[in-house]
Amino acid sequence: MTNNIAEIFNDLKKNKGALIGLIIIIFFVFLAFFGPMLSPFSESELSQHLLQDPFWGSKYNANHLLGTDDVGRDTLSRLLYGSRVSLFIGVFVTILSGFIGTLLGLLAGYFGGTVDKIIMRMIDILMALPSILLAIVVVSILGPGLVNAIIAVAIVSIPSFTRIVRAGVIDEKQKQYVQAAKTFGTPTTQIIFKEILPNCTAPLIIQTTLCFSDGILNAAALSFLGLGAQPPTAEWGIMLSDARSFIESSPWLVTLPGLCILIVVLSFNLLGDGLRDALDPRLKKGK
Amino acid sequence: MLTYIFKRILNLIPTLFGVTVVAFILIRLVPGDPVMLLLGERGADPAVYAEMKQNLGLDQPLLIQYKKFITNALQGDLGTSLISKRKVSEEFIGRFGATLELGMAALLFAVLLGIPIGVIAALKRNSLIDYFLMGTSLVGYSMPIFWWGIILILIFSVTLGLTPVSGRISVMFEVDRITGFMLIDSLFSEDGIDAFHSAAKSIILPAVAMGTIPLAVTARMTRSSMLEVLGQDYIRTAKAKGTPVLKIVFIHALRNALIPIITVLGLMFGSIITGAILTETIFSWPGIGKWIVASINARDYPVIQGGILVIATMVITINFIVDLVYAWANPRMRGGLK
């Protein structure tokens, strides 16, 4: 399963979907970094123009390209600020769950026996609880808020990392290079992290992409239920749930933040699909 | 096969036990005192408070509380809701019909559309139609359903006025509970077909919202499963023999491609419950999802505990059955899974 980066990138370039996904992701990261400089107003700046339409609507105010919400905040600015929150959520959920999940997977796969049994039992229990339900319970213990929502969503995302890494380790550890390293007396930690882990990266990269999109989606759902980031933070899930009451008078207010979530999640899934095609040798032969 | 089943059941026990411990402990970690919540504005006279706590059994040590919870749960008694004072099991069954009905409608939508989409995409592999269908499926798969539900309401209820915004049936109709399925019960009500019409209109939007992700998964799975089967020797033989294409697709290929599709759908049960939580909240659908969210907000310990336990048990059981079916259909799997 050793793939060099250039080869992966070459395969990716051929996959139009993955390329589109990657371009949107780069654009999204760009907006998250430079959003505050680009946005005409701050995320919480109020104006007298309430519930204005976007520029294609009839009740349009030239100062607010995408309209305003019920207290006169500029929608475009809030969407731009929201991209930062979503990127922040995606990055931290992925780091947190990826780190813990991978570590557990390495331990379970390498040591087997009782260690494996205990870890996998815990993972089974986590997987038996529907993700949003578990996240809701975790958030109600820790209290609502952005950081706690990230922790909750990260916990929910641990099992897939653990299972993928464990399967990879079980496969790799029987191979000769690992046996050789053992006979040379290489320390166990070095065998795990320097010999085995680098050979399990392909499925891990795919999982990371998918975790990013799942993380953003789940965190937005929590915010929508009032358990994630708290107002007045400009977060897409909150904007969506705030706008629900104005669905008849200002339909765009509820449409735009959801569209942003959809586009970002879709772009990560496009990239994930492309990576899977590029990294999975079985699929390659089929083409 | 029997040893395999026995081994799997032995493996289930610690997981189920773990779920009960997790449900029990997690709920007690949630801040907020249910006794205070119940006493509410009447204030907390220490004597009243102590008496109430005793009545609820919350003054006993945790281990005793857990033992009581487990013994009762094994007998089908999940305790009494702190808020409604009714048995959790009764309340669960009362609401389960609504969730099951919605879930079945959503799955029906997913399968009836998803399998044909997947088959067409596989047959027209790498054509524009294939790209369009799979692109749309990926959009569906990425859908934030809490937003999708609102957009459906915006289009079909608010703008077009075709469907109601929320609930299972119009308040005009009085329907007695017989099966718990509104679509069936409404037919037995006084207004018969009119009531059924109202119930049918009410279920469409939430079913579509909840079924969108399963639809996308079914379509994608059907396509890849069909592609695998279509590439096999016996299909080539059938083609060489001049068997009509439709017969090849439906009699030979699809039947064999169905096993992985059913497996994936079975394993999706957990995400369907997740879908139920969000969909029911948006559409005010009086099912399990909405009930559990409300109970968490109200710190209704027995309800959350019982709800989590029942849902987790269902997920574990369904996964177990799916595994068995898979092992039965695919003998090679039996040795590998321990």
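Residues numbered from 1 in each chain as written. Chains lettered and ligands numbered in written order. Predicted model: local features only at pLDDT ≥ 70, side-chain atom pairs only at ≥ 80, totals over all residues. Heavy atoms only, no water.

1. Some remarks on the overall build of chain B
The helix and strand inventory of chain B stands at 15 helices and zero strands. Overall, the C-alpha framework of chain B stretches about 85 × 55 × 35 Å when taken along its three principal axes. Evaluated residue by residue, chain B yields a buried proportion of 47% over its 338 residues. Put simply, of all contacts in chain B between residues at least 6 apart along the chain, 73% involve residues at least 24 apart. Surface exposure of chain B reaches about 17300 Å², of which carbon and sulfur atoms provide 67%. (Helix = DSSP H or I, 4+ residues; strand = E, 2+ residues; numbered from the N terminus. Buried < 20%, exposed > 50% of the residue type's maximum accessible area, 1.4 Å probe, protein only. Contact = heavy atoms within 4.5 Å. Areas by Shrake-Rupley, 256 points an atom, 1.4 Å probe, with all protein chains shown as cover.)

2. Notes on the overall build of chain A
On a plain count of helices and strands, chain A comes out with 12 helices and zero strands. Along the chain direction, N to C, the helices and strands of chain A fall in the order α-α-α-α-α-α-α-α-α-α-α-α. Each of the three principal axes of chain A carries a C-alpha extent, and together these read 75 × 45 × 30 Å. Buried residues in chain A amount to 53% of all 287 residues. Contacts in chain A between residues far apart in sequence, at least 24 positions, make up 69% of those at least 6 positions apart. Total accessible area on chain A is roughly 13100 Å²; 65% of this is exposed by carbon and sulfur atoms. Averaging the positions of the 21 positive and the 20 negative side-chain charges in chain A gives two centres separated by 11 Å. (Lys, Arg positive; Asp, Glu negative; His and termini not counted. Charge placed at Lys NZ, Arg CZ, Asp CG, Glu CD.)

3. Some remarks on the packing of aromatic side chains
Residue and element names in this part refer to chain B. Applying the stated criterion across every chain yields a total of 12 aromatic pairs over all chains. Ring centres 6.0 Å apart and planes at 25° place the aromatic pair F24 and F69 in the stacked group. Highlighted residues: F24 in helix 1 (residues 2–29) and F69 in helix 4 (residues 62–74), separated in sequence by 45 residues. Take F69: its relative accessible area is 7%, and that puts it in the buried class. Three or more aromatic residues link up through ring pairs in this structure, and these residues are F17, F24, Y66 and F69. Of note, R220 hangs over the ring of Y141, and the distance from its end group to the ring centre comes to 5.2 Å. (Phe/Tyr/Trp six-rings, centres within 6.5 Å; stacked < 30°, edge-to-face > 60°. Lys NZ or Arg CZ within 6 Å of the ring centre and 35° of its normal.)

4. Things to note about helix 11 (residues 245–267) of chain B
Residues spaced three or four apart along an α-helix face the same direction, because each turn holds 3.6 residues. Residue and element names in this part refer to chain B. Spanning 23 residues, helix 11 covers 31 Å between terminal C-alpha atoms, matching the ideal 33 Å at 1.5 Å per step. Along helix 11, the sharpest kink reaches roughly 45°, centred on L254. On its buried face, helix 11 sits against helix 5 (88–123), helix 9 (193–230), helix 10 (233–240), helix 12 (269–283) and helix 14 (301–329). (Expected span 1.5 Å × (residues − 1). Bend = angle between axes of the 7 residues up to and from the residue.)

5. Description of the domain arrangement of chain B
Domain parsing of chain B yields domain 1 (2–74) and domain 2 (93–297). Look at where the C-alpha atoms of domain 1 of chain B and domain 2 of chain B centre, and you get two points 35 Å apart. (Domains from an automatic or database assignment.)

6. Quick notes on the interface of chain A and chain B
On the side of chain B, 40 residues touch chain A, which itself brings 38 residues to the contact. Interface of chain A and chain B: buried area, both sides summed, is about 3500 Å²; carbon and sulfur atoms make up 80% of it. For the interface between chain A and chain B, the tally reads one salt bridge. Ionic pairing is found between R220(B) and D273(A), a salt bridge with its closest N-O pair at 2.9 Å. If you look at where chain A meets chain B, you find five residue pairs in polar contact (both at pLDDT 80 or more). Elements with a contribution of two residues or more to the side of chain A that touches chain B: helix 4 (113–128), helix 5 (131–142), helix 9 (201–224) and helix 11 (251–279) of chain A. Top contributing element to the side of chain A that touches chain B by residue count: helix 11 of chain A, with 13 residues. (Buried area = accessible area lost by both parts, 1.4 Å probe. Salt bridge = Lys/Arg side-chain N within 4 Å of Asp/Glu carboxyl O. Polar contact = N/O pair within 3.5 Å; in protein donor to acceptor, adjacent residues only side chain to side chain.)

7. Re the packing of helix 5 of chain A against helix 1 of chain B
Here helix 5 of chain A crosses helix 1 of chain B at 40°, and the two axes come no closer than 8 Å. Contacts between helix 5 of chain A and helix 1 of chain B involve L134(A), V137(A) and I141(A) from the former and L26(B), I27(B) and L29(B) from the latter. Across the contact of helix 5 of chain A with helix 1 of chain B, the residue classes break down as six nonpolar, no polar and no charged. (Axes fitted to C-alpha atoms, helices over the stretch in contact; angles between N-to-C directions. Nonpolar A, V, L, I, M, F, W, Y, C, P; charged D, E, K, R; others polar.)

8. Side note on the pattern of salt bridges
Overall, the coordinates contain 10 salt bridges over all chains when judged by the stated rule. Between D124(A) and R121(A) there is a salt bridge, with its nearest N and O atoms 3.0 Å apart. Taken together, the residues span about one helical turn, with D124(A) and R121(A) both in helix 4 at a distance of three residues. Residues joined by salt bridges that share partners form a network here, namely D273(A), R276(A) and R220(B).

9. Some thoughts on the confidence of the model for chain B
Residue and element names in this part refer to chain B. Per-chain confidence: chain B averages 82 in pLDDT, with 95% of residues scoring 70 or above. Mean pLDDT across the secondary structure elements of chain B bottoms out at helix 15 (residues 332–336), with 55, and peaks at helix 6 (residues 128–141), with 92. Here the predicted complex carries an ipTM of 0.86, next to a pTM of 0.86. (pLDDT = per-residue confidence, 0-100.)

10. Quick word on the packing of helix 7 (residues 145–159) of chain B against helix 12 of chain B
Residue and element names in this part refer to chain B. The contact between helix 7 and helix 12 brings their axes to 9 Å, and the two run at 35°. The two elements helix 7 and helix 12 cross, and the hand of that crossing is right-handed. Contacts between helix 7 and helix 12 involve I145, F146, G149, I150 and I153 from the first element and G275, L278, T279, I282 and F283 from the second. For the contact of helix 7 with helix 12, the class distribution of residues is seven nonpolar, three polar and no charged. (Left-handed = near helix turned anticlockwise from the far one by under 90°.)

11. Examining helix 9 of chain B
An ideal rise of 1.5 Å per residue puts 56 Å on 38 residues; helix 9 of chain B reaches only 45 Å between its terminal C-alpha atoms. Bending of helix 9 of chain B peaks at approximately 45° at the position of G211(B), with proline P214(B) no more than four residues after it.

12. Comments concerning a nonpolar patch on the surface
Residue and element names in this part refer to chain A. Nonpolar side chains collect at one region of the surface, where L96, F99, I100, L103, L107, F111, V115, L142, V147, I151 and F193 lie side by side and expose about 910 Å² of accessible area between them. Elements supplying a minimum of two residues to the nonpolar patch: helix 3 (75–111) and helix 6 (146–173). Here V147 is to be found in helix 6. Here V147 falls in the exposed class, since its relative accessible area comes to 53%. (Patch = residues over 30% accessible without salt bridge, like charges linked within 9 Å, V, L, I, M, F, W, Y side chains within 5 Å.)

13. Let's talk about the side chain of T102(A)
Residues and elements named next belong to chain A. Within the secondary structure layout, T102 lies in helix 3. Relative accessible area serves as the criterion here: at 11%, T102 is assigned to the buried category. Apart from residues no more than four positions distant in its own chain, T102 is found in contact with S97, F161, V165, L197 and L204.

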